[in-house]
Amino acid sequence: MMGPSHALSGATAWLAGTWALDHFAGYEQSPLAVAVGTLVCAGGALLPDLDLSGKVTRNQGGATVARTFGVFSLFVAEVIEKVSLGIYTATRLSRDPRRTNGHRTFTHTLPFAALIGWGTTWLGGHYGKWAMLGIVFFMAGLALRGLFDKWAERAGWVIVTVCSAVIAWFTAANLPGDRGYPMLGFAVAVGCVVHLFGDMITSAGVPILWPVPTGRRLWRMVGVPNGMAIRVGGKVETIVLRTAFVVISLLAIAGIFAPGLLQKFELDTFS
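Sequence order sets the numbering: in each chain, residues are counted from 1 along the sequence as written. Local features in a predicted model are, by the rule used here, given only for residues with pLDDT of at least 70; side-chain atom pairs are given and counted only at 80 or more, and totals for whole chains, interfaces and linings are based on all residues. No hydrogens and no water enter the side-chain calculation; it runs on all heavy atoms of the structure.

1. Let's talk about the UniProt feature "transmembrane region" (unreviewed entry) in the protein chain
UniProt positions are given in the numbering used here, feature names are shortened, and annotations may be inferred rather than shown by experiment. Feature annotation in UniProt assigns "transmembrane region" (unreviewed entry) to the following positions: residues 105–124, 130–148, 155–172, 184–210 and 239–262. Summarising residues 105–124: 75% helix, 0% strand, and an end-to-end C-alpha distance of 27 Å. Segments assigned H or I by DSSP are reported as helices when at least four residues long, segments assigned E as strands when at least two residues long, and all are numbered from the N terminus.

Okay, here's the thing in structure tokens:
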């Protein structure tokens, strides 16, 4: 799937999950917590594609998300791609093909999602607002790049960086640490898992079974049958799926906030 679809699917998953928790478990969140969680989950849904690097010195190539912060994020993507390729090469079995790049390897696994989610939670718990500033800044940048890709392309990475910094500063000043900080780690992990499912419905698939060996292969790409797979950038993805994500998101937002707004309206009317 393309970056905007990944980001939108992450935002949709978080909003739908937030509504379900509120409706069935009575787990309420503030509007800020919902907004930040949605933004971080959208960014998390793009994080696995940082293993697709480009040309750092020319500020070209790579996944769209790798260009979020210009040459800085391209350099990070280069490092992640090389580390992912190294893990693949070191652990591949006899029937795993040789590779020259690390795209869709380690960062496209469930252990990576769990590791990045745990690491985010640990950082927030040990370093508080300073860690949260960096986490929200980075994830907000990815989310802005994905959700508003055409605007981000026109605005350039400097504007995206400034907007991400403002969002991080506002969040640090207003988001409580008790439930807010652990939520960030969960949102990142959920976003990564949603990314995996998004790539599984394409023909390429992802190594979601790693590190479980199957038939002398450790990096078996798992996905839907080719006849059911969607074409990346095709009409099914860009029109059908994105429309469905937007509709579900709007319904979830209405389900989360409309009851409270209606109750406030009734109180104001009869007071």
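Here the narrative resumes.
2. A word on the packing of aromatic side chains
Paired rings are identified among Phe, Tyr and Trp, the last through its six-membered ring, by centres lying within 6.5 Å, and are further divided according to the angle between planes into stacked (under 30 degrees), edge-to-face (over 60) and tilted (the rest). For the coordinates displayed, the defined rule picks out 10 aromatic pairs. Here the aromatic rings of Trp19 and Phe24 are separated by 5.7 Å at their centres, their planes lie at 80 degrees, and the arrangement is edge-to-face. Given a relative accessible area of 30%, Trp19 falls into the partly exposed group. Owing to a relative accessible area of 65%, Phe24 belongs among the exposed residues under this scheme. Connected via pairs of aromatic rings, a cluster forms that spans Tyr88, Phe106, Phe112, Trp210 and Trp219. Counting as a charge over the ring demands two things of the Lys NZ or Arg CZ atom: a distance within 6 Å of the ring centre and an angle within 35 degrees of the ring normal. Residue placement shows Arg99 over the ring face of Tyr88; its charged tip is 5.6 Å from the ring centre. For every residue, the accessible area (1.4 Å probe, protein chains only) is compared with the maximum for its type, and the residue is labelled buried under 20%, exposed over 50%, or partly exposed between those bounds.

3. Things to note about unusual backbone geometry
Here the bond from Trp210 into Pro211 is cis, since omega is 10 degrees, no more than 30 degrees from zero. Relative to the helices and strands, Pro211 resides in the loop between α7 (177–200) and α8 (235–270). The phi dihedral of Arg104 falls on the positive side, at around 60 degrees, and the residue is not glycine. Topologically, Arg104 is positioned in the loop between α3 (71–91) and α4 (110–147). Classification of Arg104 by relative accessible area gives buried; the value is 12%. Phi is positive for Arg216, close to 60 degrees, though the residue is something other than glycine. With respect to the secondary-structure elements, Arg216 resides in the loop between α7 and α8.

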